[in-house]
Every structure is written in C-alpha cells, then in structure tokens.
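Each chain, written out:
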Amino acid sequence: GAGVSQTPSNKVTEKGKYVELRCDPISGHTALYWYRQSLGQGPEFLIYFQGTGAADDSGLPNDRFFAVRPEGSVSTLKIQRTERGDSAVYLCASSPGGTGTDTQYFGPGTRLTVL
Amino acid sequence: GESVGLHLPTLSVQEGDNSIINCAYSNSASDYFIWYKQESGKGPQFIIDIRSNMDKRQGQRVTVLLNKTVKHLSLQIAATQPGDSAVYFCAEIAGGSYIPTFGRGTSLIVHP
C-alpha cells in the first residue's frame, strides 16, 4: 500500500511569510509525528498526534509553529512569520498506535528554504 | 543534557566487507533502541530494533548489539552492498516514552 506522503517536496519562501506543510499518513495509522531535520543531524521531534489531538507538542520551538489533524488522518504543520533559521527538512511519520515500540514510517520530507 | 551520539561520522568500506557502525548513549532510562537507514532525499527507514533486556538481535544481514554496561550500541551489516550506502542513525526511547531521540548519524559509503 501507499506509504506516508508529504507535500510539497520543496518549498522556498521569503522571511516573514506563512507556510503550510502537509502530511498524508498511512491509512489507519492513529499516531502521527512531525520532526525537523537539519543538514547532518538526526530528526528532532516537534509534535505528536494520537487521533485528532496533539498528545505532545513539547518539541515545537515557539508559538510560530502550529500543527493540526482535524479528522485524525491528514496533518498540516503551519509556520508563521518564517525565519531563515526555520530552513530544514520537515519529516512526518505515522505508526499504527502510539506506543514507543510501534514502528514509525517516515515520509520523504518537505525541504523548506527561507530566504 | 543526556544525548545519543555516534563515534564515526563517515565509514567507507568495500563491497562484500562487513560494516560496523557504533553509537553511544548516555540516558540510563532508555530501554528501547532503533537503527534507521536514511538514503538521500528520503525519510529514515526502520532497520532493526532491540530492547534493553536483550544484548543481541539479528535480522537479515544485520545484527544489533547492545552493551548496557558501557551504554554502547552497534549495527553490523554483513556482506555490505552498494545499496547499503546511506546515513545510519541510532535512536533511543526512554521507558514510558514514545518519542525517539536520534543521534547525529554515520554516513556509510560502499565502494564497488
């Protein structure tokens, strides 16, 4: 079946603009995660959804970042007033449940460049 | 703070050789460890995992070893192939958590 998909694959924006990044998880997966990955680094946790609710948003760096998952499937990561330091690859992952040992399946990521 | 890290940023091997990628962790509360493979332009892909009540686990051509005494994790790849070329990350999850903490990664380059 289809894996996790993310759109767009690349996004270039100007400093101060608003962006939305979309994640389509594997069908039936209740858990969804957003990560940010800088060059040469491992993914850094941002937020975790169990169903429609954000179970853990402790990784969001500040209030410019927000994510939603209104129907418990597709999720959108929203970044307001983008800064150059927001440039990174944003990864989404989903898993069947929300336990720590459930395998997370990652999407290909969205590469965000803030000029 | 506690962290997960890798000893070698780049490992170059010849096709057919065995590869060993190492990882040190410092969070004694971690009880679940995962190795991921990330190819260029793709997201991380699960390879193998191990729980803290084990010291060795084998998969297809891969073996993970866990030494809790020195907080060390390794990934062994047998008969390395060019398709194994990628960045490899270890990740740890503390007991009761569901969020993996990733190390920096090791780039494996396999020469034909």
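Just so you know, these numbers come straight off a predicted model, no measurement behind them.

Chemist: I'd like a rundown of the layout of surface pockets, residues and numbers included.
Modeler: Residues and elements named next belong to chain A. For the largest pocket, the calculated volume is near 700 Å³. The biggest single contributor to the lining of the largest pocket is strand β11 (residues 110–114), with four residues. A breakdown of the residues in the lining of the largest pocket according to their chemical character gives eleven nonpolar, 18 polar and four charged.

Chemist: Explain the side chain of threonine 82 of chain A to me, using residue names and the numbers behind them.
Modeler: Residue and element names in this part refer to chain A. With respect to the helices, strands and loops of the structure, threonine 82 is situated in the loop between β8 (75–79) and β9 (88–95). Under the relative-accessibility criterion, threonine 82 is labelled buried at 1%. When sequence neighbours within four positions are dropped, the list of residues in contact with threonine 82 reads Thr13, Glu14, Lys15, Gly16, Lys17, Val19, Arg64 and Val114.

Chemist: Account for the interface of chain A and chain B, with residues named and values stated.
Modeler: Interfaces are often sized by the amount of accessible area the parts lose when they come together. With 21 residues of chain A in contact, the opposing surface of chain B contributes 18 residues. Between chain A and chain B, a total of about 1500 Å² is buried, with carbon and sulfur atoms accounting for 58% of that surface. Taken as a group, Gly100, Thr101 and Phe106 of chain A account for 29% of the area that chain A buries against chain B, more than any other trio of residues on that side. If you look at where chain A meets chain B, you find zero salt bridges. Summed over the shared surface of chain A and chain B, the number is six residue pairs in polar contact (both at pLDDT 80 or more). Taken together, the elements giving at least two residues each to the side of chain A that touches chain B come down to β4 (31–37), β5 (44–50) and β6 (53–56) of chain A. Top contributing element to the side of chain A that touches chain B by residue count: β4 of chain A, with three residues.

Chemist: Give me the lowdown on the pattern of salt bridges, citing residues and values where you can.
Modeler: Residues and elements named next belong to chain A. Tallied over the full model, the rule gives seven salt bridges over all chains. Between arginine 64 and aspartate 86 there is a salt bridge whose closest N-O contact spans 2.8 Å. Taken together, the residues arginine 64 in the loop between β6 and β7 (65–68) and aspartate 86 in the loop between β8 and β9 connect sequence positions 22 residues apart. Arginine 64 sits in the buried class, given a relative accessible area of 7%. Owing to a relative accessible area of 3%, aspartate 86 belongs among the buried residues under this scheme. Among the charged side chains, a network of salt bridges with common partners joins Arg64, Glu83 and Asp86.

What counts, and where the lines are drawn
- Each residue is numbered by its place in its chain's sequence as written, counting from 1.
- Labels are handed out in written order, letters beginning with A for the chains and numbers beginning with 1 for the ligands.
- Local features are withheld for residues below a pLDDT of 70 in this predicted model, meaning they are given only at 70 or higher, and side-chain atom pairs are given and counted only at 80 or more; totals for whole chains, interfaces and linings count all residues.
- Excluding hydrogens and water, the side-chain values take into account all heavy atoms of the structure.
- Grid points spaced at 1 Å over the protein atoms alone were grouped into cavities, where a 1.4 Å probe fits but cannot get out, and pockets, open sets with protein on both sides within 12 Å along at least five of seven lines, with lining residues defined by an atom within 4 Å of a point.
- Grid points are joined across faces, edges and corners, and a volume is the space filled by probe spheres set on the points.
- The helix and strand labels rest on DSSP assignments: H or I over at least four residues marks a helix, E over at least two residues marks a strand, and numbering proceeds from the N terminus.
- Residue type decides the class: Asp, Glu, Lys and Arg count as charged, Ala, Val, Leu, Ile, Met, Phe, Trp, Tyr, Cys and Pro as nonpolar, and the leftover types, Gly among them, as polar.
- Type-normalised accessible area, obtained with a 1.4 Å probe on protein chains alone, sets the label of each residue: buried when under 20%, exposed when over 50%, and partly exposed for intermediate values.
- We call two residues contacting when some pair of their heavy atoms lies within 4.5 Å.
- For any pair of parts, buried area is found by adding up, for both, the accessible area (1.4 Å probe) each one loses once the two are put together.
- Throughout this description, the term salt bridge denotes a Lys or Arg side-chain nitrogen within 4 Å of a carboxyl oxygen of Asp or Glu.
- Under the rule applied, a polar contact is a pair of N or O atoms within 3.5 Å (in protein, one hydrogen donor and one hydrogen acceptor; residues adjacent in sequence only if both atoms are side-chain atoms).

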